[in-house]
Amino acid sequence: MSNVIQNNIPVIAIDGPSASGKGTVAQLAASRLGFHYLDSGALYRIVAWATQQRNIAWDDAIAVTECAKTLIIEFINEQVFLNNTDISNEIRTEAIGKGASQVAVHAPLRAALLDMQHGFCRAPGLVADGRDMGTVVFPNAELKIFLTAKTETRAQRRYQQLLAKNQVSLDFSNTYGSILQDLLERDARDKNRASAPLTLADDAILLETDNLSISAAVDNVLYNFQQKISK
Ligand code: C5P
């Protein structure tokens, strides 16, 4: 992480499992600090979507990686563009989330996405969220947070998110079970893969959000950041 050390640019790494709230917390923390924001999960989602469009199997590590290297990805405000096309909605489905966790197991793909992720580290600072921000991508981050919540809490949150986007039926009992099942599978894949598995970095602060509001979680991140930089 030479760029972090050389440029002295502060990084806050926020890792955690799916639907732990880390995206919302990271975005709000970035905006309060006036920092850049990296949603690293979006990169894996874009690769899953682009490979699906090209009929490339998600388990084909080489073809997936080669495809990823050709993609021109841009984040403009809260929109995601691939080769000049806005695919913000397309990548937010459950199916693409599942695909993202399947392409994310490939070490060559993860290596190919490293430079792009490092490129987000620009003055005055960066808040990055994902699974390996504090362990692999920005191991020298000023502050590392591991945000988590019980699986049931996360499944309920995911259901509400999908409902707001009209991607699930109103029949809670029908869809909650499959969302919970998907989360359990995704957690298992993210934690057990050989390359950059989801894990709590030794120097990360664990933040459980079951009974914590979003604003309290953001305040906690900012408080810990101030503590770190005032040392
Ligand atoms: O965070 P999000 O749900 O958008 O991430 C989608 C998938 O991308 C995750 O389930 C995970 O497998 C993968 N991912 C990853 N490393 C990251 C961010 C996301 O492997 N830094």
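Residues numbered from 1 in each chain as written. Predicted model: local features only at pLDDT ≥ 70, side-chain atom pairs only at ≥ 80, totals over all residues. Heavy atoms only, no water.

## A word on empty space enclosed by the protein
Basically, it comes down to this: Here a cavity means grid points, on a 1 Å grid over the protein atoms only, where a 1.4 Å probe fits yet cannot get out; a pocket means an open set of points with protein on both sides within 12 Å along at least five of seven lines; lining residues are those with an atom within 4 Å of a point. Grid points are joined across faces, edges and corners, and a volume is the space filled by probe spheres set on the points. Counting from the N terminus, the helices are the DSSP runs of H or I reaching at least four residues and the strands are the DSSP runs of E reaching at least two. Here the nonpolar group is Ala, Val, Leu, Ile, Met, Phe, Trp, Tyr, Cys and Pro; Asp, Glu, Lys and Arg are the charged ones; every other residue, Gly included, is treated as polar.
Counted according to the given criterion, the structure contains one cavity of 30 Å³ or more. Approximately 40 Å³ is the volume found for the largest cavity. In terms of lining residues, the largest cavity is bounded by Ala13, Asp15, Gly134, Lys144, Ile145, Phe146, Thr199, Ala201 and Ala204. Those elements that place two or more of their residues in the lining of the largest cavity are β1 (11–15) and β7 (143–148). Top element by residues in the lining of the largest cavity is β7. It accounts for three residues. Taken together, the residues of the lining of the largest cavity sort by class into five nonpolar, two polar and two charged.

## Examining the pairing of β7
The two faces of a sheet get side chains in turn, since along a regular strand they alternate between them. Basically, it comes down to this: Exposure classes here rest on a 1.4 Å probe applied to the protein chains alone. A residue is buried below 20% of its type maximum, exposed above 50%, and partly exposed in between. Any two strands between which DSSP finds at least two bridges are classified as paired.
Where burial is concerned, most of β7 is hidden: six out of the six residues are buried. Residues Leu143, Ile145 and Leu147 line one face of β7 and the alternating positions Lys144, Phe146 and Thr148 line the opposite face, and both faces are buried. In the sheet, β1 pairs with β7 via four bridges, with the strands oriented parallel. Of the residues in β7, the one forming a bridge with Ile12 is Leu143.

## Here's the deal with the confidence of the model for the protein chain
Parts of the model with low pLDDT should not have their predicted coordinates read in detail. Counted only if it meets this: The pLDDT value tells you how sure the predictor is about a given residue, anywhere from 0 up to 100. Whether two residues touch is decided by their heavy atoms; if any such pair falls within 4.5 Å, the residues are in contact.
The share of residues in the protein chain with pLDDT of 70 or more is 96%, and the mean pLDDT across the chain is 92. When the criterion is pLDDT under 50, residues 1–6 qualifies, and its contacts beyond four places in sequence or with other chains add up to 15 contacts.

## Describing the side chain of Glu94
What counts here: Any pair of N or O atoms that falls within 3.5 Å is considered a polar contact. Within protein, one atom must be able to donate a hydrogen and the other to accept it, and sequence-neighbouring residues count only if both atoms are side-chain atoms.
Along the chain, the position of Glu94 falls in helix α5 (residues 94–103). In terms of polar contacts, Glu94 uses its side chain to reach the side chain of Arg158, at 3.2 Å. If near-sequence neighbours (up to four positions away) are discounted, Glu94 is found in contact with Arg158, Leu162, Gln167, Asp182 and Arg186.

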